[in-house]
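Structure assessment
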Amino acid sequence: MTFSLYWMQSGGCGGDTMSFLNLAFPPIHELLELLRIRLLWHPSLSTLAPSQRQEQDERLRQGETPLDILVVEGAVVRGPTSTGMYDTLRGRPKKDLIAALARRARYVIALGTCASFGGIGVDAYVQTVGLQYRRIEAGGLLGADFRSEAGLPVINLAGCPCHPDVLAGTLTTLVRGDPLELDEFHRPLDWYGMLVHQGCTRNEYHEYRVEEVEFAQSGCLFFHRGCHGPLVGGPCNKLLWNGQSSKTRVGIPCFGCTSPHFPPSYPFFETQNIEGVPVALPMGIDRPHYLVYKTMAAAAAPERLKHRVTKI
């Protein structure tokens, strides 16, 4: 049994394709072979002539060619005035083709935060939305009640970009017919059910509130430099990029790019605070307990951390 996959690029930078092209274990061609996935179209990997692709698109749209997996990369562009004519294919809005293919697909994957939640263009003139969300608001292009042929909502693989292993793991799960448990924003719990903070090599500095105000230092970046590691779910410190590193491991704050609110309306590298206490606190903690805990922890911080003796 083979599975057909159609990859649609919409309003985005192509970063999720670039990320997926870096899949190493196994490389893309071996993954597709192992999973018996037949690639109907990918803008960087397919060689169909324009007329051949048009014929194929029409067969898919009419249901004459079965479609197992639809992957959409980039936000759905609805502007101007909900026409979608800012982003077209063969003179027609891409959003209409996406909606038509989604109705035929067994599984629909929104790849990246733009496809999942709308991303950078939500409040701009391009009027972007995700496939089934506009930030945290359910709906998007397909509507809150949309379910694919397999009975699932759109599977949101958030990230800017999405880690290639997350897409590879999701495809493997779907092809094998294994259950895929999703969170409230339809992100698979296997990869988004943990905080970016989990696995961060700076955790001990965070625990004792040993803070940094400059990049590329040893301490915690949460209190001054806007790190979202304790705030958002994602596998970045579990699945290292290129198998080697992550933002926080090289001294750069987590941007929180898996959040439906990404990108934020305030500067990435500033922690919004009230009298030195971050406005957004680590997930699941209340402010009074946090204030007491962090005050005591800072007072008890070991000298080896204060003097950055402990290496990371």
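Structural data are supplied above this passage.
Numbers given for residues are sequential positions, taken from 1 along each chain in its written order. Given that this is a predicted model, residues contribute local features only at a pLDDT of at least 70 and side-chain atom pairs are listed and counted only at 80 or more, while totals for whole chains, interfaces and linings are drawn from all residues. To obtain the side-chain values, all non-hydrogen atoms of the structure were used and water was disregarded.

Some remarks on the sheet that holds strand E3 (residues 67–73)
Rules: For two strands to count as paired, DSSP must find a minimum of two bridges between them. Counting from the N terminus, the helices are DSSP H or I runs at least four residues long and the strands are E runs at least two residues long. In this analysis, axes come from line fits to C-alpha atoms, helices being fitted only over the stretch in contact, and the angle between any two N-to-C directions falls in the range 0 to 180 degrees. Throughout, a contact is declared for two residues whenever any of their heavy atoms are within 4.5 Å.
Read from one edge of the open sheet, five strands run E2-E1-E3-E7-E11, paired in parallel fashion. With partners counted over all chains shown, the strands left at the sheet margins are strand E2 (37–41) and strand E11 (155–157), one partner each. Within this sheet the neighbouring strands show an average axis-to-axis angle of 25°, counted without direction. Bridge count for E3 against strand E7 (residues 105–111) is six bridges, and the pairing is parallel. Bridge pairing links Val71 to Ile109 in E7. Along the sheet, helix H3 (residues 50–62) contacts strand E1 (3–9), E2 and E3; its crossing angle with E1, the most-contacted strand, is approximately 115°. Against the sheet, helix H6 (residues 164–176) contacts E1, E2, E3, E7 and E11, and its axis sits at roughly 165° relative to E7.

Topic: the packing of aromatic side chains
Spelled out, the test is: Stacked, tilted and edge-to-face pairs are distinguished by plane angle, under 30 degrees for stacked and over 60 for edge-to-face with tilted covering the rest, among Phe, Tyr and Trp rings (Trp via its six-membered ring) whose centres lie within 6.5 Å. The rule is short: NZ of Lys or CZ of Arg within 6 Å of the ring centre and within 35 degrees of the ring normal puts a charge over the ring.
A full pass over the atoms with the stated rule returns 11 aromatic pairs. Here the aromatic residues Phe215, Phe255, Phe262, Phe268 and Phe269 are joined through ring pairs into a cluster of three or more. Above the plane of the ring of Phe215 lies Arg225, whose end atom (NZ or CZ) is 4.6 Å from the centre. If you follow Lys247 out to its NZ or CZ, it ends over the ring of Phe255, 4.7 Å from the centre.

Quick word on the pairing of E1
Stated precisely, the cut-off is as follows: Partly exposed residues are those whose accessible area sits between 20% and 50% of the maximum for their type, while under 20% is buried and over 50% is exposed, using a 1.4 Å probe and protein chains only.
Across the seven residues of E1, six count as buried, placing the element largely inside the fold. With five bridges connecting them, E1 and E3 associate as parallel partners. For Met8, the partnering residue across the bridge sits in E3 and is Val72.

A word on the pattern of salt bridges
How we decide: In what follows, salt bridge is the name for a side-chain nitrogen of Lys or Arg lying within 4 Å of a carboxyl oxygen of Asp or Glu.
On inspection of all chains with the given rule, the structure shows 14 salt bridges. In this structure, Lys95 and Asp96 form a salt bridge, with 3.1 Å as the shortest nitrogen-oxygen distance. Between Glu303 and Lys306 there is a salt bridge, with its nearest N and O atoms 3.5 Å apart. Taken as a pair, Glu303 and Lys306 lie in helix H10 (residues 303–306) at a separation of three residues, close to a single helical turn. Taken together, the shared-partner salt bridges connect Arg53, Asp57 and Arg90 into one network.

Details of a nonpolar patch on the surface
Applied cut-off: For patch building, the residue pool is restricted to those with more than 30% relative accessible area and no salt bridge; the joining distance is 9 Å between like charges and 5 Å between nonpolar side chains (Val, Leu, Ile, Met, Phe, Trp, Tyr). Only the protein chains shown count as covering a residue, and every accessible area follows the Shrake-Rupley method with a 1.4 Å probe.
Nonpolar side chains collect at one region of the surface, where Met18, Leu21 and Leu45 lie side by side and expose about 270 Å² of accessible area between them. Relative to the assigned elements, Met18 resides in helix H1 (residues 15–21). Met18 sits in the exposed class, given a relative accessible area of 52%.

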